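Structure at a glance
One letter stands for each residue in the lines below.
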Amino acid sequence: MTASSSTPQVGSRDHTVKWFDETVTVPPQARELLENYRHIPAAEVQDHVVTLRNKAWEVWPYPCLGQFRFLELNLANRADIYPQLLSRLRGGDQRFLDVGCCLGQDIRKLVYDGVPSENLAGIELEAGFVELGYELFRDRDTLKSRFAVGTILDEDWVVLKEWEGQYDVVQLGMILHLFTWEEQARVFEHAIRLLKREGDVAIIGQATGNLDGIASPSWRKNTFRHNAETFGKLISEVERSTGTRWEVTASLDDGLSVHDGKRTWDDPKTRRLLFEVRRKQE
Ligand SMILES: C[S@@+](CC[C@H](N)C(=O)[O-])C[C@H]1O[C@@H](n2cnc3c(N)ncnc32)[C@H](O)[C@@H]1O
């Protein structure tokens, strides 16, 4: 489905686009985090969230910001992954990196759930999102997590070299579908560089997927939306290019409001891809 030139495209900051919700009912889990992590008064939460989202929309108008998806706390809601991740990270000797962390809600949720903040880190293309994350959570003076601003695609990026081999778990949260197949392979190659060389390390995440696994004619041509099969194929390619071996778990589900009739701009075969890629223990 190709939009006509007069149809607003992703990238438009216009508040009339279909993926911009004027307001939101803050879900209970996000409300609990905002009220109890750094004690934002209950009566302020609603306006605070909308104000911060509107500022973030000006940095870059991602549909997930338009729809307040950062309030869904997607990592914490991964029942297949989160309890085990928490117990690993609470131990204090394991480190987690969130690539494309945006406002950093998953990092704050981990801290709220008892993980030492100095063991968490984020990589983000837009400095403005990192700044707004501090503003949203009011934790500039307390959060010890480190953030690097730059692109995960750049193999010569100094941060990739400095942080190489340091992480136990890397998250790619709602970022893969922004990239072409070749770029996605590079993202995984770089994520593997950032992981520790030994032990039970993993790359976890979610992305916009598609029942057919297709290169999408979206705002950026040929960005790829996976199904479980195409995702497995991508990781096989990465295994060959990196000389490493990975256990892949991937599935599509009905997240991202695919069935509530709100994604009227989107391909009806859109689904959410969930994945976990763990190093094979020989
Ligand atoms: C759709 S948002 C998802 C944000 C967050 N992970 C979540 O799940 O709510 C994608 C994020 O990736 C960041 N991003 C896009 N391209 C990037 C790149 N090449 N390197 C690092 N971050 C990137 C964007 O700035 C944005 O914050």
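For every chain, the first residue of the written sequence is number 1, and numbering continues from 1 onward in sequence order. At least 70 in pLDDT is required for a residue's local features to be given in this predicted model, at least 80 for side-chain atom pairs to be given and counted, and no such filter applies to totals for whole chains, interfaces and linings, which use all residues. Side-chain figures throughout are based on the complete set of non-hydrogen atoms in the structure, without hydrogens or water.

For clarity, the threshold we go by: UniProt positions are given in the numbering used here, feature names are shortened, and annotations may be inferred rather than shown by experiment.
As recorded by an unreviewed UniProt entry, the protein chain carries the name Methyltransferase and is attributed to Coniochaeta ligniaria NRRL 30616. Annotation of the protein chain in UniProt includes, under Sequence similarities (unreviewed entry), the sentence "Belongs to the class I-like SAM-binding methyltransferase superfamily." Note on the protein chain: under the UniProt heading Pathway (unreviewed entry), the record states "Secondary metabolite biosynthesis."

So, the packing of helix α2 (residues 42-59) against helix α6 (residues 127-137)
Describing two packed helices takes the angle between their axes plus the distance from one axis to the other. Note the following rule: To obtain an axis, a line is fitted to C-alpha atoms, over the contacting stretch when the element is a helix, and the angle between two such axes runs from 0 to 180 degrees between their N-to-C directions. Only DSSP runs of H or I with at least four residues qualify as helices, and only runs of E with at least two residues qualify as strands; both kinds are numbered from the N terminus onward. Just so you know how the angles are binned, under 35 degrees is roughly parallel, over 145 roughly antiparallel, 65 to 115 roughly perpendicular, and the rest oblique. Note on contacts: a residue pair qualifies if any of its non-hydrogen atoms lie within 4.5 Å across the two residues.
Where α2 contacts α6, the two axes come as close as 10 Å, and the packing angle between them is 175°. Classed by the angle they form, the pair α2 and α6 counts as roughly antiparallel. The residues of α6 that touch α2, namely those facing His48, Leu52, Lys55, Ala56 and Val59, are Gly128, Phe129, Leu132, Glu135 and Leu136.

Considering the side chain of Arg53
Keep this limit in mind: Here the term buried applies to any residue with accessible area under 20% of the maximum for its type, exposed to any over 50%, and partly exposed to those in between, with areas from a 1.4 Å probe on protein chains only. Charged residues are defined here as Lys and Arg on the positive side and Asp and Glu on the negative side; His and the ends of the chain fall outside this count. Put simply, a salt bridge is a Lys or Arg side-chain nitrogen that is within 4 Å of an Asp or Glu carboxyl oxygen. As used in this structure description, the phrase polar contact means that two N or O atoms lie within 3.5 Å; if the pair is within protein, one of them must be able to donate a hydrogen and the other to accept it, and residues adjacent in sequence are counted only when both atoms belong to side chains.
Along the chain, the position of Arg53 falls in helix α2. Buried Arg53, no salt bridge; nearest opposite-charge side chain is Glu22, N-O distance 5.4 Å. For Arg53, the side chain forms a polar contact with the main-chain oxygen of Asp21, separated by 2.8 Å. With near-sequence residues (within four places) excluded, Arg53 lies in contact with Phe20, Asp21, Glu22, Leu65, Gly66, Phe68 and Phe70.

Here we look at the site of the ligand
Inclusion rule: Proximity criterion: a residue is near a molecule or strand once any of its heavy atoms comes within 4 Å of it. Note on areas: Shrake-Rupley with a 1.4 Å probe; residue coverage comes only from the protein chains shown. Throughout, the ten residues Ala, Val, Leu, Ile, Met, Phe, Trp, Tyr, Cys and Pro are labelled nonpolar, Asp, Glu, Lys and Arg are labelled charged, and all others, Gly among them, are labelled polar.
The full set close to the ligand counts 17 residues, and Gly100, Gln105, Glu124, Thr151 and Gly173 are the nearest of them. Note that a nitrogen atom of the ligand is positioned 3.1 Å from one of the backbone N or O atoms of Ile152. Within the backbone of Gly173, one N or O atom sits 2.7 Å away from a nitrogen atom of the ligand. Expressed as a share of its isolated accessible area of 590 Å², the protein-covered part of the ligand is 95%. Among the residues making up the shell around the ligand, the classes are represented as 10 nonpolar, five polar and two charged.

Here's the deal with the nonpolar core
For the record, the criterion: Nonpolar core, defined: a set of buried Ala, Val, Leu, Ile, Met, Phe, Trp, Tyr and Cys residues in which side-chain atoms within 4.5 Å join the residues together.
Among the nonpolar cores identified, the biggest contains 89 residues, and Leu85, Leu110, Leu172 and Phe188 are the most heavily contacted of them. Per-element accounting of this core gives the leading share, seven residues, to helix α8 (residues 181-194). Residues within four places of Leu85 in sequence aside, it is in contact with Leu75, Phe96, Leu110, Val169 and Ile204.

Observations concerning the packing of aromatic side chains
Heads up, the condition is: Stacked, edge-to-face and tilted labels apply to pairs of Phe, Tyr and Trp rings (six-membered ring for Trp) whose centres lie within 6.5 Å, assigned for plane angles under 30 degrees, over 60, and everything in between, in that order.
This structure, assessed with the given rule, holds 11 aromatic pairs. Ring plane angle 70° and centroid distance 6.2 Å describe the contact between Tyr37 and Phe137, whose orientation is recorded as edge-to-face. In this pair, Tyr37 is assigned in the loop between α1 (28-36) and α2 and Phe137 in helix α6, connecting sequence segments 100 residues apart. Of the two residues examined, Tyr37 and Phe137, each falls in the buried class. Ring centres of Tyr134 and Phe147 lie 5.9 Å apart, and the angle between their planes is 80°; this geometry places the pair in the edge-to-face category.

Re the UniProt feature "domain: Methyltransferase" (unreviewed entry) in the protein chain
According to UniProt, the feature "domain: Methyltransferase" (unreviewed entry) maps to residues 97-199 in the numbering used here. As annotated, residues 97-199 comprises 37% helix and 17% strand, and the C-alpha atoms at either end are separated by 16 Å.

Thoughts on the side chain of Asp139
Among the structural elements, Asp139 can be located in the loop between α6 and β3 (146-149). The exposure class of Asp139 is buried, given its relative accessible area of 0%. Within the local environment of Asp139, its side chain forms a polar contact with the side chain of Arg108, the two groups lying 2.7 Å apart. With near-sequence residues (within four places) excluded, Asp139 lies in contact with Tyr37, Arg38, Arg108, Gly133 and Tyr134.

Considering the environment of Gln29
Its place among the elements puts Gln29 in helix α1. Relative accessible area serves as the criterion here: at 28%, Gln29 is assigned to the partly exposed category. Here the alpha-carbon distance between Gln29 and Glu237, two residues 208 residues apart in the chain, equals 38 Å. Ignoring any residue separated from it by four or fewer positions in sequence, one finds Gln29 in contact with Glu72, Leu73, Ala76, Asn77 and Lys109.

A short note on the sheet that holds strand β9 (residues 270-279)
As a reminder of what qualifies: One requirement defines pairing of two strands: DSSP has to find at least two bridges between them.
What the seven strands build is an open sheet, ordered β3-β2-β1-β4-β5-β9-β8; its pairing is mixed. Pairing within the sheet leaves two strands with one partner each, and these edge strands are β3 and β8 (246-253). Recorded for the sheet is a direction-independent mean angle of 15° between the axes of neighbouring strands. Pairing analysis gives four bridges linking strand β1 (residues 96-99) to strand β4 (residues 169-173), with the strands arranged parallel. Paired with Leu97 across the bridge in β4 is Val170. α6 contacts β2 (120-124) and β3 of the sheet and is inclined by roughly 155° relative to β3.

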